[in-house]
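Listed here are the chains, written in short residue letters.
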Number of protein chains: 2
Amino acid sequence: VSRESAFIDSLRALASHPAARGLTDDAAVLEFGGRTLVLTHDMLVEGIHFLPDDPPEDVAWKLVAVNLSDLAAKGARPVGVLIGYSLAGEAEWDRRFVAGLETALHSFSTPLLGGDTVSAPGRTLSLTAIGEADGPVPSRSGGEPGDRLWVSGSIGDSGAGLRCLRGELPFSEPLVESYRRPTPRLAAGARLAPLVRAMMDVSDGLLIDAARLASASRVEIELDLAALPISEAFTAACGGDRSTRLAAATAGDDYELLFAAPPGTTAQIQAVSEALALPLTPIGLLCAGAGLRLTQDGESVPLPASLGWEHGGAHSG
Amino acid sequence: VSRESAFIDSLRALASHPAARGLTDDAAVLEFGGRTLVLTHDMLVEGIHFLPDDPPEDVAWKLVAVNLSDLAAKGARPVGVLIGYSLAGEAEWDRRFVAGLETALHSFSTPLLGGDTVSAPGRTLSLTAIGEADGPVPSRSGGEPGDRLWVSGSIGDSGAGLRCLRGELPFSEPLVESYRRPTPRLAAGARLAPLVRAMMDVSDGLLIDAARLASASRVEIELDLAALPISEAFTAACGGDRSTRLAAATAGDDYELLFAAPPGTTAQIQAVSEALALPLTPIGLLCAGAGLRLTQDGESVPLPASLGWEHGGAHSG
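A brief structural summary. (Residues numbered from 1 in each chain as written. Chains lettered and ligands numbered in written order. Predicted model: local features only at pLDDT ≥ 70, side-chain atom pairs only at ≥ 80, totals over all residues. Heavy atoms only, no water.)

Let us now look at the sheet that holds strand S9 (residues 256-261) of chain B. All names here are of chain B. On the basis of which strands lie adjacent, the open sheet formed by seven strands has the order S7-S9-S6-S10-S8-S11-S12 and mixed pairing. In the strand order of this sheet, the two ends are held by strand S7 (198-202) and strand S12 (299-301), each with one partner. With direction set aside, neighbouring strand axes in the sheet form an average angle of 30 degrees. For strand S6 (residues 148-152) and S9, the ladder comprises four bridges, and the chain directions are antiparallel. Looking across to S9, one finds that Trp-150 is bridged to Phe-259. (Pairing = 2+ DSSP bridges. Helix = DSSP H or I, 4+ residues; strand = E, 2+ residues; numbered from the N terminus. Axes fitted to C-alpha atoms, helices over the stretch in contact; angles between N-to-C directions.)

Right under this line is the structure:
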């Protein structure tokens, strides 16, 4: 185990309250006043989760989006956020960050409720998002053999966008936009929550997150690489061969919904997709067993050495 | 205005939701499901809010205590916390931190609900505390001319404890304990909330926090230095002359309750003090006017150049 996962294990030992969900879910789920609060806290660190020359407006967007994506994965709508902000000494950066924060909060109709500001040498930004769920809150652990595995949107665009910014791929506006301005799937999450058996968001890479869903649900997941939703922009920049598809499935930062649902819900899921004009694509099956198995058009594909970010820092509970 | 206060002003412009209380209170206060949630988020940065050689157990205690102190100041009891933790690369430090976190959460019967962990070069620790208030939640702005100003516990011990650790004063165990293990006044806050007109905690220094209460309540506060509750340990280490009292009143990190209450509540406040064996001391008066005026035994005392930490980072909303 890595040092980080050992640390998280030691925190888990403290998190015995049922609302903590063992620190293995995207968010805490607290019954309060006959209603259901969903609480999440994610940090972004400069040099790790964003680049020093990323536009500050986009960093603010991403800070909001990654937290609201956790709420979306639990079918919750945002109630408000608290921000933790470190002033690193550049007033213009801070001014542009606040402008981006305003844009993001306005886009998702989410009020700023409070926070804390410190002066510190490095930029560590954090957000606590408070949400409310109107129905049962899907965990990662409810998947059952026979369920289909689905994913929203397209996979790999954000990772390819980062490669554009690093000069490893030619600049592609839609890919860079996916990296800098991910869209939390709030409307889809709320509509899907009553239909699914398990749901989470894809933050660290489709394969590693699918493996986590399999582990939490005590099933094996068989995932068909050929079924992966890949965008035209991705294909134009990267092509579409197997290694490229594996790269898309391990790059992370997608902030799409990954969910397991019984076969009988397929028509309802397709209706959600049409109502929201958001692709929802079946990419695999849950089976008795453990772990992750890859195929492409019925042919077995060996798992890549890395399934994604081991601890990209996006989530630990 | 400082860069930090300019930044906070720009955040305030976004915080129009009534639950945010204009980012001028110790916490956000959100009506939810017919009950009252109190939410606060405070950060501790190594080298600013704690010393690199402070025991990690005590840093964990302080992280919990400073956040619960905000809940105490709003009369709320803790419901749970989310942690934001940066792994800086020392497994033993992290192990001791988790042990201290367990001690602190157990002491205040507060569950760990979630959080996020990142690897980062500097230690930036944050906590979001979620609390519930059973009655009206005092703000900083409800004080009225004629109210008495009160403070809990003693003032200056923590600041003197820090000076002990810096070698500027001889080592004193009770003073160092006050610096390292402040006690959030949760029981007192809950009992006082129905009696007071305004309440906050003293984090940045008694004088600067009293000036903030005066400003929020649009009154002048007349504070009697002679009435300041100074501990025996403090007097033994520092003496008791005027400059020493001014140092106690501007050092910060006290995490005591500062509150304004009408004269008719004095007997009830004294009953709370007796029930909890916690000194509650009248130290001044709210008057028509603006700002802060110091006296000592009826004689006017000039305000010191600094009233406390301008933005110690303890609170911004």
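Next up on the list: the sheet that holds strand S7 (residues 198-202) of chain A. Residues and elements named next belong to chain A. If you walk across this open sheet you meet the seven strands as S7-S9-S6-S10-S8-S11-S12, and the pairing is mixed. A strand with exactly one partner marks an edge of an open sheet, and here the two such strands are S7 and strand S12 (299-301). Each adjacent strand pair in this sheet contributes to an overall mean axis angle of 30 degrees, direction not counted. Bridge analysis of strand S8 (residues 220-224) against strand S10 (residues 280-287) gives four bridges, and the strand direction is antiparallel.

Quick look at the interface of chain A and chain B now. With 60 residues of chain A at the contact, the number on the chain B side is 60 residues. Our enumeration of links across chain A and chain B arrives at zero salt bridges. Our count for the contact surface shared by chain A and chain B stands at five residue pairs in polar contact (both at pLDDT 80 or more). Looking at the side of chain A that touches chain B, the elements with two or more residues in it are helix H1 (3-12), strand S1 (28-32), strand S2 (35-45), strand S3 (77-87), helix H3 (91-107), strand S4 (112-119) and strand S5 (124-133) of chain A. (Contact = heavy atoms within 4.5 Å. Salt bridge = Lys/Arg side-chain N within 4 Å of Asp/Glu carboxyl O. Polar contact = N/O pair within 3.5 Å; in protein donor to acceptor, adjacent residues only side chain to side chain.)

To continue, consider the relation of the copies chain A and chain B. Taken as rigid bodies, chain A and chain B are interconverted by a rotation of 180 degrees and an axial shift of 0.0 Å, the fit giving an RMSD of 0.0 Å. Taken together, the rotation and translation describe the operation of a two-fold axis. For chain A, the residue whose C-alpha comes nearest the rotation axis is Gly33(A), separated from it by 2.5 Å. Most of the interface of chain A is mirrored in chain B, where 100% of its interface residues again form contacts. (Least-squares fit on C-alpha atoms with pLDDT ≥ 70 in both.)

Quick look at the pairing of strand S8 (residues 220-224) of chain B now. As paired elements, S8(B) and strand S11 (residues 291-296) of chain B share five bridges and run parallel to each other. Its bridge partner lying in S11(B), Glu222(B) is registered against Arg293(B).

To continue, consider helix H9 (residues 242-250) of chain A. Turning to H9(A), its buried residues are Thr244(A), Arg245(A), Leu246(A), Ala248(A), Ala249(A) and Thr250(A). At its buried positions, H9(A) is contacted by helix H7 (206-217), helix H8 (232-238) and strand S11 (291-296) of chain A. (Buried < 20%, exposed > 50% of the residue type's maximum accessible area, 1.4 Å probe, protein only.)

A few words on the packing of helix H4 (residues 157-165) of chain A against helix H5 (residues 173-180) of chain A. All names here are of chain A. Contact geometry for H4 and H5: axes closest at 7 Å, N-to-C directions at 105 degrees. For the element pair H4 / H5, the angle class is roughly perpendicular. Together, Asp-157, Ser-158, Ala-160, Gly-161, Leu-162, Cys-164 and Leu-165 of H4 and Leu-175, Val-176, Ser-178, Tyr-179 and Arg-180 of H5 make up the contact between the two elements. Partitioning the contact of H4 with H5 into residue classes produces seven nonpolar, three polar and two charged. (Parallel < 35°, antiparallel > 145°, perpendicular 65-115°, else oblique. Nonpolar A, V, L, I, M, F, W, Y, C, P; charged D, E, K, R; others polar.)

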